[in-house]
Amino acid sequence: MPKNFQSPSGMHDIFGEQYDYFERIREVFFKVAKIYGFEGIETPVMENIKVFTRGVGEHTDIVEKEMYSFKTKGGDQVALRPEGTAGIARSYIEHNLYTRTQPIKFFYFAPFFRYERPQAGRYRQFWQFGLETIGKESPVLDAQIIAVMYNVFQELGIKDLVVEINSMGDSSCREEFEKVLKKHFKKENSSLCADCKKRIKKNPLRVLDCKKCIKVKESAPQIVDYLCIQCRDDFKKVLEYLEELNIPYDLNSFLVRGLDYYTNTVYEFFASGSEERLALGGGGRYDGLINLLGGEETPATGAAMGVERTILSMKENEIKVEKETPRVFIAQLSDLAKRKCLKLFEEFRKANVPVSESFGQGSLKRQMNKANKMNAEYVLIMGEEEAVEDRIIIRDMQSGQQENIKTKEAVKEIKKKLK
RNA sequence: GCGGCCGUAGCUUAAUGGCAAAGCACUCGGUUGUGGUCCGAGAUCAUGCGGGUUCGAGUCCCGUCGGUCGCCCCA
């Protein structure tokens, strides 16, 4: 038995200041997402492994190397979810959500798991907040998701967000492009890195993402030139909507997302202030996914952002999260006073006036100290004498002035003072 | 999965291979019932864990766990 347990590698406890950031991000995200008509969803942290091997893609790194998977006692092959979209797609199919008015719009804020070497901004259990719009095909829905995320970051104080955007085409124009790309890379084979030589066969698009093969990339054909009329028009519309909404974007013809299910519009978000190219999140259209998982051909689009990375970015931008604490504090002394203050606390709660207390603290000095640290404006003090006479003292912490009132007037008095 | 650096109290940091220290925070007291400032005292099984070298290891070596940076990949 070890003397000291540590949390598992790449997993961490969230409390204190860190929790305040989490809470803030969750609140802002939920609020904004609801305004745009999204509703909440929670899916299980694990799924049948096939949901991910089929959905995310058998040959993606996420599935091949990074998934926590195991066999249950009953013999089912399951995996901890490495991302959110596949599980939600499974849920959409399972509950026949196509029978509702389309599209279905979901938001989530949840933990995900990937077995990777941990680093700053990269954990084995990490949190994402995301959106999915399933069941309607329209570029305005892609733009809307980008807009929600953009506005969440605006509200959090990260103003200099940049959206990098590209289109991967649908399955037919992508196939066409991949052929051209393969031909190009084969010609340049000698100058490709070892990894990319392998990539040409399995997934030539990923070469565009390589940081080593920059020269070969630059001379490569661009996908936008190979999009069919439909896809090009679709992509153009997304960009037009973004312009309409004043959301800044950069076209990035090298942007290729690592998950197999993406089609057409794809994008990643970066805080332009930070020097590292750590993406805050990304998303795109995934019209093939529902079908891959056994449902009908269903258009869909979504995005997900990393919570821990958002916090890193907030801290880089020196954005502090102010915790709201009650402006009133109840202090008590003696057993009788404690009992009466417990009751008084309930009255404040019923009247929807937040107050704080430190009933566990013995000395009045400690309680005053705590009230001060919480920046209380008023402290209600009840000692033995006041308890017996059904009085309570109101102390104005700024001026130090105190007055006596009847205990039953306390809620009313405080309400008056707080205005 | 591969390579570099790091790990001393709740936090931030000291300690030529030679008694493990300080500040902040915490608790108590100065004020038998009043915060911020001040003064005094106290407390924490502190060298991540396990081996080795040595008369002696926080310090050197090996392993391991954790963190961090780069590669890979991604949120």
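Our structure is the block above this text.
Residues numbered from 1 in each chain as written. Chains lettered and ligands numbered in written order. Predicted model: local features only at pLDDT ≥ 70, side-chain atom pairs only at ≥ 80, totals over all residues. Heavy atoms only, no water.

S.K.: Describe the overall build of chain A, and please don't skip the residues or the numbers.
M.R.: Scanning chain A from N- to C-terminus turns up 15 helices and 16 strands. Referenced to the eigenvectors of the C-alpha coordinate spread, the extents of chain A come out at roughly 95 × 60 × 45 Å. Out of the 419 residues belonging to chain A, those deemed buried represent 49%. Long-range contacts, defined here as pairs at least 24 residues apart, represent 68% of the contacts in chain A between residues at least 6 apart. Summed over all atoms, the accessible surface of chain A reaches about 22,500 Å², with 48% contributed by carbon and sulfur. Each charge class in chain A was averaged separately, 66 positive and 63 negative side chains, and the resulting centres sit 4 Å apart. (Helix = DSSP H or I, 4+ residues; strand = E, 2+ residues; numbered from the N terminus. Buried < 20%, exposed > 50% of the residue type's maximum accessible area, 1.4 Å probe, protein only. Contact = heavy atoms within 4.5 Å. Areas by Shrake-Rupley, 256 points an atom, 1.4 Å probe, with all protein chains shown as cover. Lys, Arg positive; Asp, Glu negative; His and termini not counted. Charge placed at Lys NZ, Arg CZ, Asp CG, Glu CD.)

S.K.: Give a detailed account of the packing of aromatic side chains, specifying residues and quantitative values.
M.R.: Applying the stated criterion across every chain, the model contains 18 aromatic pairs. The interplanar angle of 80° and the centroid separation of 6.0 Å between the aromatic rings of F29 and F107 together place this pair among those described as edge-to-face. Of this pair, F29 sits in helix α1 (residues 16–35) while F107 sits in strand β5 (residues 104–113), placing them 78 residues apart in sequence. With respect to class, F29 is no different from F107; both count as buried. Seen from their ring centres, Y261 and Y262 are 4.9 Å apart, and the 55° between their planes marks the pair as tilted. The exposure classification of Y261 matches that of Y262, with both residues buried. Taken together, the aromatic side chains of F22, F29, F30, F107, F109, W127, F129 and F153 make up a single cluster linked through ring pairs. The ring centre of F112 lies 4.7 Å from the NZ or CZ of R81, which sits over that ring. Here K105 stacks its cationic end above the ring of F38, 4.9 Å away from the centre of that ring. (Phe/Tyr/Trp six-rings, centres within 6.5 Å; stacked < 30°, edge-to-face > 60°. Lys NZ or Arg CZ within 6 Å of the ring centre and 35° of its normal.)

S.K.: Any details on the pairing of strand β15 (residues 391–396)? Residues and values, ideally.
M.R.: Sheet faces and side chains relate simply in a regular strand, where the side chains alternate between the two faces. Two elements, strand β14 (residues 378–382) and β15, share four bridges in a ladder whose sense is antiparallel. Looking at the pairing, V379 lines up with R395 of β15. Sheet analysis places β15 next to strand β16 (residues 402–406), joined by five bridges and oriented antiparallel. Bridge assignment links R395 to a residue of β16, and that residue is Q402. Hairpin geometry of β15 and β16 is characterised by an intervening segment of five residues between the two adjacent antiparallel strands and by a positive phi of about 80° at G400. (Pairing = 2+ DSSP bridges.)

S.K.: Hey, could you go over helix α15 (residues 410–418) for me, with residue numbers and the actual values?
M.R.: What α15 keeps buried is the set A410, V411, E413, I414 and L418. Buried residues of α15 fall within an arc of 165° about the axis and therefore sit on the same side. Of the exposed residues in α15, those oriented more than 90 degrees away from the buried face are K412 and K416. Looking at the buried residues of α15, the elements they touch are β12 (328–332), α12 (335–350), β14, β15 and β16. (Arc of directions from axis to C-beta.)

S.K.: Can you lay out the environment of Y261 for me, pointing to particular residues and giving the numbers?
M.R.: The topology assignment puts Y261 in the loop between β8 (249–251) and β9 (263–271). For Y261, a relative accessible area of 3% corresponds to the buried category. Sequence-wise, Y261 and H184 are 77 residues apart; in three dimensions their C-alpha atoms are separated by 24 Å. Aside from chain neighbours lying at most four places away, what touches Y261 is G55, V56, E83, T85, R285, Y286, D287 and L289. A polar contact of 2.4 Å, which involves the side chain of Y261, links it to the side chain of E83. At a separation of 3.4 Å, a polar atom in the side chain of Y261 contacts the side chain of T85. (Polar contact = N/O pair within 3.5 Å; in protein donor to acceptor, adjacent residues only side chain to side chain.)

S.K.: Go over the protein's contact with RNA strand B, please, and point to the residues and values.
M.R.: What surrounds RNA strand B is a group of 47 residues, the closest being A120, R199, R206, R257 and K373. Backbone sugar and phosphate groups make up 57% of those atoms of RNA strand B lying within 4 Å of the protein. At a separation of 2.8 Å, a sugar or linking oxygen of RNA strand B approaches a polar side-chain atom of Q128. With respect to RNA strand B, the side chain of Q402 contributes an N or O atom lying 2.8 Å from a base nitrogen. At the level of elements, α3 (61–65), β6 (125–134), α13 (364–373), α14 (384–389) and β15 are the ones that each hand at least two residues to the surface near RNA strand B. (Near = heavy atom within 4 Å.)

S.K.: Just give me the short version of the sheet that holds strand β3 (residues 69–71), but keep the residues and values in it.
M.R.: One open sheet accounts for three strands, arranged β2-β4-β3; its pairing is antiparallel. Every interior strand has two partners, whereas the edge strands, β2 (46–48) and β3, have only one. Here the average twist between neighbouring strands, direction ignored, is 35°. Relative to strand β4 (residues 77–80), β3 is paired through three bridges, and the arrangement is antiparallel. Counterpart to F70 in the pairing with β4 is V78. (Axes fitted to C-alpha atoms, helices over the stretch in contact; angles between N-to-C directions.)

S.K.: Describe the side chain of E83, with residues and values.
M.R.: Within the fold, E83 resides in the loop between β4 and α4 (85–94). Buried charge E83 goes without a salt bridge, the closest partner of opposite sign being R114 at 6.2 Å. From its side chain, E83 meets the backbone nitrogen of T85 in a polar contact 3.2 Å long. Excluding residues that lie within four positions of it along the chain, E83 makes contacts with F52, V56, F112, R114, L259 and Y261. (Salt bridge = Lys/Arg side-chain N within 4 Å of Asp/Glu carboxyl O.)

S.K.: Describe the pairing of β9, naming the residues involved and giving the relevant values.
M.R.: With nine of its nine residues buried, β9 lies for the most part within the structure. By the bridge criterion, seven bridges tie strand β7 (residues 161–167) to β9 in an arrangement that is antiparallel. In the strand pairing of β9, I165 is matched with Y267. Where β9 meets strand β10 (residues 281–285), five bridges bridge the pair, whose relative direction is antiparallel. Following the sheet pairing, Y267 is matched in β10 by G283.

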